Amino acid sequence: MLPIEVPSHFICEPFYSKEDRVFEVDEKNGRNYFAYDILYDVHKETKTPWRDVQKNIRPFFEKWETQREELYTLFSQRKAKEAAPCMKQAAAMYISLLFWINGQPVRRLNRLQEDIADLTYKPINCAERLMFLLQRVSSYQAYIQLTELFNELRKQYAKMLILHKK
């Protein structure tokens with residue numbers, strides 16, 4: 001697989017740092033945060049899950065359910081450090097889903113709060129809650145917040161599907 005340089009507007013902790021600017025295009029690698037979004041930003045020719053949300057979004061919610069159970073086990077065993085990589089992956093997936101449900105890719109992470117403010121389908125106080133979560137990504141409180149954000153996003157997804165059928 002070819003290495004891709006992460007665009008500067010995607011350099012944002014806890015996902016990518018200035019020293020960590022390249023990733024291999026490999027779906028099995030859990031560290032490829034925002035892979036579809038970055039590939040679209042760089043090449044414009046990639047799978048675009050945001051263009052057919054009815055077909056493409058549900059598997060990501062199913063993946064979250066599996067991750068949620070794994071995270072619950074890790075946090076119940078007080079293994080926060082071991083939970084951190086999975087939490088980062090789940091948080092990145094949440095951010096992607098949030099934008100995809102609104103019919104667009106994640107365009108940048110360096111102005112995430114501003115971009116979330118412009119979205120139609122989002123949980124209440126989404127940006128503030130997400131910033132809390134990203135600052136404490138390996139904490140149990142962040143896990144609880146992420147779980148609630150996913151639950152609320154699932155409702156926003158259902159709302160969007162209903163409104164688009166009319």
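Above: the structure in question.
Residues numbered from 1 in each chain as written. Predicted model: local features only at pLDDT ≥ 70, side-chain atom pairs only at ≥ 80, totals over all residues. Heavy atoms only, no water.

**Q** What is the right way to read the pattern of salt bridges from this model?
**A** It is possible for side chains of opposite charge to pair when their charged atoms get near one another. Tallied over the entire structure, the rule returns six salt bridges. One salt bridge in this structure joins R108 and D115, with 2.7 Å as the shortest N-O distance. Here R111 and E114 are joined by a salt bridge, their closest N and O atoms 3.4 Å apart. Three or more residues joined by partner-sharing salt bridges are found here, namely R108, R111, E114 and D115. (Salt bridge = Lys/Arg side-chain N within 4 Å of Asp/Glu carboxyl O.)

**Q** What exactly am I supposed to notice about the side chain of Q156 here?
**A** Among the secondary structure elements, Q156 is positioned in helix α7 (residues 140–165). Residues contacting Q156, with those up to four places away along its chain left out, are Y121, K122 and P123. (Helix = DSSP H or I, 4+ residues; strand = E, 2+ residues; numbered from the N terminus. Contact = heavy atoms within 4.5 Å.)

**Q** I would appreciate a short explanation of the nonpolar core in the present structure.
**A** Of all hydrophobic cores here, the largest spans 57 residues; its most connected members are F15, F34 and I95. Mapped onto this core, the elements with two or more residues apiece are α1 (35–43), α3 (58–76), α4 (80–101), α5 (112–117), α6 (126–135) and α7. Setting aside anything within four residues of it in sequence, one finds I95 in contact with F15, F34, V106, L109, L112, L130 and L134. (Core = buried A, V, L, I, M, F, W, Y, C linked by side-chain atoms within 4.5 Å. Buried < 20%, exposed > 50% of the residue type's maximum accessible area, 1.4 Å probe, protein only.)

**Q** Hey, could you run me through the environment of H164 in this one?
**A** When you line up the elements, H164 lands in helix α7. A relative accessible area of 55% places H164 in the exposed class. Sequence-wise, H164 and R136 are 28 residues apart; in three dimensions their C-alpha atoms are separated by 36 Å.

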